[in-house]
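Notes for the structure review
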Amino acid sequence: MTVTPVDRDRPSRPRAEVSLLGRFALRLPHGHTYLAPTTQKVLVLLAIHAQGLARGSAAALLWPHLPDRRSAASLRSALWRLSRAGGPCQMVVCDSEHLRLDQNVQVDLHTAHRVVHDLTTRRPADEPSTVPAYLRQDLLPDWSESWLLVVREHFRQTRLHALETCSRRLRASGQMGAAMEFAMAALEADPLRESAHRCVSEIHLAEGNVADALRFYDTYRRQLRDELGLAPTSDYRNLLAPFLRRPLDSAREAGRRA
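This text gives an overview of the structure that appears in the document. Since the structure is predicted, the reported quantities are computational estimates derived from the model, not experimental observations. (Residues numbered from 1 in each chain as written. Predicted model: local features only at pLDDT ≥ 70, side-chain atom pairs only at ≥ 80, totals over all residues. Heavy atoms only, no water.)

Read across the sheet, four strands follow the order S3-S2-S1-S7 without closing on themselves; strand pairing throughout is mixed. Strands at the two margins of the open sheet, each flanked by one partner only, are strand S3 (31-32) and strand S7 (105-107). Relative to S3, strand S2 (residues 25-28) runs antiparallel, the two sharing two bridges. The residue bridging Arg-27 from the neighbouring strand is His-32, located in S3. (Pairing = 2+ DSSP bridges. Helix = DSSP H or I, 4+ residues; strand = E, 2+ residues; numbered from the N terminus.)

By size, the foremost hydrophobic cluster in this structure holds 40 residues, and its most contacted members are Leu-20 and Phe-24. Here the element with the most residues in this core is helix H1 (residues 37-48); it accounts for seven residues. Among residues more than four places away in sequence, those in contact with Leu-20 are Val-44, Ala-47, Ile-48, Val-107, Asp-108, Leu-109, Asp-138, Leu-139 and Leu-140. Ranked by size, the runner-up nonpolar core spans 30 residues in total, among them Val-115, Ala-179, Ala-183 and Leu-240. (Core = buried A, V, L, I, M, F, W, Y, C linked by side-chain atoms within 4.5 Å. Buried < 20%, exposed > 50% of the residue type's maximum accessible area, 1.4 Å probe, protein only. Contact = heavy atoms within 4.5 Å.)

As a further point, take the pairing of strand S1 (residues 16-19). Burial along S1 is one-sided: the residues Ala-16 and Val-18 are buried and none of Glu-17 and Ser-19 is. Summarising the sheet, S1 and S7 pair through three bridges and their orientation is parallel. Bridging from a neighbouring strand, Val-18 pairs with Val-107 of S7. With three bridges connecting them, S1 and S2 associate as antiparallel partners. Counted as the bridge partner of Val-18 is Leu-26 from S2. The hairpin formed by S1 and S2 contains five residues between the paired strands, and Gly-22 there has a positive phi angle of roughly 85 degrees.

Our next topic: the environment of Thr-120. Note on placement: Thr-120 falls in helix H4 (residues 108-121). Looking at Thr-120, the relative accessible area reads 34%, which means it is partly exposed. Sequence separation between Thr-120 and Arg-159 is 39 residues; the distance between their C-alpha atoms is 9.8 Å. If near-sequence neighbours (up to four positions away) are discounted, Thr-120 is found in contact with Ala-162 and Arg-169. Reaching out from Thr-120, the side chain makes a polar contact with the backbone oxygen of His-117 at a distance of 3.2 Å. (Polar contact = N/O pair within 3.5 Å; in protein donor to acceptor, adjacent residues only side chain to side chain.)

What follows covers the sheet that holds strand S6 (residues 98-101). Judged by pairing direction, the sheet is antiparallel, and its three strands sit side by side in the order S4-S6-S5 without closing on themselves. In this open sheet, the two strands that pair with only one neighbour each are strand S4 (53-54) and strand S5 (92-94). Here three bridges tie S5 to S6, and the two strands are oriented antiparallel to one another. Each bridged residue has a counterpart across the sheet, and for Val-93 the counterpart in S6 is Arg-100. Against the sheet, H1 touches S4, S5 and S6, its axis set at about 85 degrees to S6. (Axes fitted to C-alpha atoms, helices over the stretch in contact; angles between N-to-C directions.)

Keep in mind these values describe shape, not function.
Structure below.
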């Protein structure tokens, strides 16, 4: 395989786009391109390690059960196929020791992280009224590779916190419809996440919809009991305690009540 050194003076080349949110996809200027599963994994591994990887590290992660020489050969073969698939779009910059994606390859995960940072640092007056599409999907949820698990969970937690942060700021500024959209987006990502349920209940209470808040809490309480054998935390119960005609739920009572 021909080694491609880093060339910062090279004019801009056609851009490739890699999608990691939801389903994997590679889009080149002439349209979507199919990659064999092994080649997909090489591209994904380099996409989630924006600073690149040593060749040996990449080969060991991708083929952990093969001897070093065989895993290195498999990596060279996959990189060759990737270069053929990219055509005029250079996908990978590499030398004898190191690999990274070319700077012209656009990765939706990287864009999503920038969106998360923007949402969690912007002023309330600049809050968006709709949930960005980048925050509605997990990182390759159907993939089971061990090297992907921590990266997936990191992105999942950062996007959920961003959604909840925006929901609270929108509620505080009186934009209840938008606040509810962000809270429900967090719930769609994790139906048992208590902080997201609390966001929804707080919006109901802020709008004076006490009955909706109580019904929503009770549905969550039953779901949590049935699926995990747990009860809502005292913070969530205390939020609704002033509106309950029955005694304040305790963890024990919440676990027994039908």
